[in-house]
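Observations on the model geometry
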Amino acid sequence: MTIPRVDLPADARLDTLAVREGLPPSPWGENSEALFITSSFVHPDAATAARRFGNEEDAFVYSRFSNPTVTMMERRLAALEGTEACIGTASGMAAILMLVLGLLKGGDHVVCSQSVFGATIKLFQDFARFGLEASFVPQDDPGAWRAAMRPGTKLLFAETPSNPLTEVCDIAALAEIAHARGALLAVDNCFCSPALQQPVKLGADIVMHSGTKYLDGQGRVIAGALCAPEHIVTGKFVPVMRTMGLTLSPFNAWVVLKGMETLSIRMKAQSERALALARWLEEQPAVERVFHPGLASHPQHALAMAQQGGQGGAVVSFAVRGGRAEAFAVIDAARVCSITTNLGDTKTTISHPASTSHGRLTEEQRLAAGITQGLVRMAVGLEDLADLKADLQRGLAKLG
Ligand SMILES: *Cc1c(COP(=O)(O)O)cnc(C)c1O
């Protein structure tokens, strides 16, 4: 027996797969995907159980490493990213941990953008204890990535666009640098999601996700995943899952699975709102500079548009004239936006990176990264644009 597939036309398109890919319904014929809350699965007889435990037969066995609801989420995400396979993990960070545990060993070397999620940098640094070496390079400079390559480089890790300044890296250029030296390229695709950007189509080998962000899309669960070729998922990641248990809960998988059904329309709507807000912010006298890949003023506008399906994404940052006090005044005047650093929600969030997400850096490191005290980040949701503008206008007006 092999686990059956949903009967879909071979050329079914992305929006169709987002709604339909998964597993065939159970014998009850449910139209909405079932949530399988069970730790183990029953076998018809002892000989079948033996075959299943010996991996001679594909079946659900134990939810630490196989569960139908998790499989549905994995198949749907793999279909959207255009990879052969996917493995769900307990969180986005667990996905990066899986990447390290599955692919790397002491003595290996990783080249990583210096603008990735803070915990990602910390994770690679923490593995120095086990002999893993990591170099951190500027996001947007392929020459620096190339120069950082060593004989032991096994993995390049990028995240594009970056948080909070939306710097873009050239995925195709990084893939070429990696492959020329026999290394793999992994891309954290949280900010764009496969609705806007499919890194594998640009040459990346592995796509990492925090399902916590746009895949769920409503700020409800913590979840993660790695999308990769079948031989890497089955050969490298599943064994780690079996022994180390970075397991995604079926409930969280189900929430993400249902979230993906509206991913494409949410991403487009949120991205359009973010661009409109960014253009409006550029006209405000109290605003010094606005960061959004959809703006013609973005230094990598052309690359971003080509790589992200013509959309800038839903994150927009802006620097107010002044410093921390002025940024706080704008944030505190907001009545609609939520003051939180999370993103990917239908509810717009507003935050001050220098004192929150990037608060643990020294002021010197922050300035080197371009994160000034006057910088405000927004992850634009689905509220009416007029209400979002009014929310910001209230604070900006005070700055005079
Ligand atoms: C949130 C986030 C992560 C970590 O994901 P969790 O699900 O919170 O563990 C990794 N990368 C990026 C870009 C993120 O935004």
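Residues numbered from 1 in each chain as written. Predicted model: local features only at pLDDT ≥ 70, side-chain atom pairs only at ≥ 80, totals over all residues. Heavy atoms only, no water.

**What about the site of the ligand?**
Taken together, 13 residues are adjacent to the ligand, and Gly-92, Asp-188, Ser-210, Thr-212 and Lys-213 come closest. At a separation of 2.6 Å, a nitrogen atom of the ligand approaches a polar side-chain atom of Asp-188. Between the ligand and Lys-213, the relevant distance is 2.6 Å, taken from an oxygen atom to a side-chain nitrogen or oxygen of the residue. A total of 380 Å² of accessible area belongs to the ligand in isolation, and the protein chains cover 92% of it. Going through the elements one at a time, α4 (92-103) and β6 (206-210) are the ones with two or more residues in the shell around the ligand. Looking at side-chain class alone, the shell around the ligand contains six nonpolar, four polar and three charged residues. (Near = heavy atom within 4 Å. Polar contact = N/O pair within 3.5 Å; in protein donor to acceptor, adjacent residues only side chain to side chain. Areas by Shrake-Rupley, 256 points an atom, 1.4 Å probe, with all protein chains shown as cover. Helix = DSSP H or I, 4+ residues; strand = E, 2+ residues; numbered from the N terminus. Nonpolar A, V, L, I, M, F, W, Y, C, P; charged D, E, K, R; others polar.)

**A closer look at the packing of aromatic side chains**
Throughout the structure, instances matching the rule amount to five aromatic pairs. The ring centre of Phe-117 lies 5.1 Å from the NZ or CZ of Lys-213, which sits over that ring. (Phe/Tyr/Trp six-rings, centres within 6.5 Å; stacked < 30°, edge-to-face > 60°. Lys NZ or Arg CZ within 6 Å of the ring centre and 35° of its normal.)

**So, the sheet that holds strand β3 (residues 133-137)**
Here we have seven strands laid out as an open sheet, ordered β1-β7-β6-β5-β4-β2-β3, and mixed in their pairing. Unpaired on one side and paired on the other, β1 (85-89) and β3 mark the two borders of the sheet. This sheet shows a mean twist of 20° between the axes of neighbouring strands, independent of strand direction. Relative to β3, strand β2 (residues 109-113) runs parallel, the two sharing five bridges. (Pairing = 2+ DSSP bridges. Axes fitted to C-alpha atoms, helices over the stretch in contact; angles between N-to-C directions.)

**Remarks on the sheet that holds strand β8 (residues 287-291)**
If you walk across this open sheet you meet the five strands as β8-β9-β12-β11-β10, and the pairing is mixed. Here the strands that pair on one side only, and so sit at the sheet edges, are β8 and β10 (338-339). The pairing of strand β9 (residues 315-320) with strand β12 (residues 375-379) spans five bridges and is antiparallel. Across the sheet, the residue bridging to Val-316 is Met-378, located in β12. Against the sheet, helix α15 (residues 385-399) touches β8, β9, β11 (349-351) and β12, its axis set at about 15° to β9. (Contact = heavy atoms within 4.5 Å.)

**Remarks on a nonpolar patch on the surface**
Together, Leu-35, Ile-37 and Phe-251 make up an exposed nonpolar region whose accessible area comes to about 280 Å². When its relative accessible area of 62% is taken as the criterion, Ile-37 is described as exposed. (Patch = residues over 30% accessible without salt bridge, like charges linked within 9 Å, V, L, I, M, F, W, Y side chains within 5 Å. Salt bridge = Lys/Arg side-chain N within 4 Å of Asp/Glu carboxyl O. Buried < 20%, exposed > 50% of the residue type's maximum accessible area, 1.4 Å probe, protein only.)

**A closer look at the packing of helix α11 (residues 263-282) against α15**
Two elements in contact, α11 and α15, have axes whose closest approach is 11 Å; the angle formed by their N-to-C orientations is 35°. Once α11 is placed against α15, the crossing between them reads as right-handed. Contacts between α11 and α15 involve Arg-273, Ala-276, Leu-277, Trp-280 and Leu-281 on the former and, on the latter, Leu-385, Leu-388, Lys-389, Leu-392, Gln-393 and Leu-396. (Left-handed = near helix turned anticlockwise from the far one by under 90°.)

**As for the pairing of β1**
Put simply, side chains in a regular strand alternate between the two faces of the sheet. Of all five residues in β1, five are buried; the element is thus mostly enclosed. The two faces of β1 match: Ala-85, Ile-87 and Thr-89 on one face and Cys-86 and Gly-88 on the other face are all buried. Of the strand pairs in this sheet, β1 and strand β7 (residues 224-228) are connected by five bridges, and their pairing is antiparallel. Bridge pairing in β7 places Thr-89 opposite Gly-224.

**Examining the environment of Gly-182**
By the element assignment, Gly-182 lies in the loop between α7 (171-180) and β5 (184-188). Judged by relative accessible area, which is 63%, Gly-182 ranks as exposed. On a C-alpha basis, the gap between Gly-182 and Thr-153 in space is 8.4 Å, while along the polypeptide they are 29 residues apart.

**Looking at the packing of α4 against helix α5 (residues 118-126)**
With their axes 11 Å apart at the nearest point, α4 and α5 run at an angle of 30° to one another. Comparing their axes, α5 and α4 come out roughly parallel. Here α4 runs over α5; the crossing is right-handed. Note on element contacts: α5 touches α4 through Ala-119, Thr-120, Leu-123 and Phe-124, opposite Met-93, Ile-96, Leu-97 and Val-100. Class assignment for the residues of the contact of α4 with α5 results in seven nonpolar, one polar and no charged. (Parallel < 35°, antiparallel > 145°, perpendicular 65-115°, else oblique.)

**Here's the deal with the nonpolar core**
With 38 residues, the main nonpolar core has Met-73, Leu-77, Tyr-214, Val-256, Met-260 and Leu-263 as its most contacted residues. Elements that contribute at least two residues to this core include exactly α1 (14-20), α3 (68-81), α8 (193-196), β7, α10 (250-259) and α11. With six residues, the top contributor of residues to this core is α3. In terms of domain composition, this core takes at least three residues from each of domain 1 (14-262) and domain 2 (263-399). Apart from the residues within four sequence positions on either side, Val-256 is in contact with Met-73, Gly-211, Leu-215, Asp-216, Val-221 and Ala-223. (Core = buried A, V, L, I, M, F, W, Y, C linked by side-chain atoms within 4.5 Å. Domains from an automatic or database assignment.)

**A short note on α5**
Within α5, burial applies to Thr-120, Ile-121, Leu-123 and Phe-124. The arc that holds the buried residues of α5, viewed along the axis, is 160°, so those residues lie on one side. If you follow the buried residues of α5, they end up packed against α4, β2, β3 and β4 (153-159). (Arc of directions from axis to C-beta.)

**Looking at α15**
Taking 1.5 Å of rise per residue, the 15 residues of α15 would be expected to cover 21 Å, and the 22 Å separating its terminal C-alpha atoms lies within 8% of that figure. The largest bend in α15 is about 30°, located at Gln-393. Restricting attention to buried positions, one finds in α15 the residues Leu-388, Asp-391, Leu-392, Gly-395 and Leu-396. For α15, the elements touching its buried residues are α11, β8, β9, α13 (324-332), β11 and β12. Where α15 starts, the residue carrying a side-chain oxygen 2.9 Å from the main-chain nitrogen of Ala-386 turns out to be Asp-384. (Expected span 1.5 Å × (residues − 1). Bend = angle between axes of the 7 residues up to and from the residue.)

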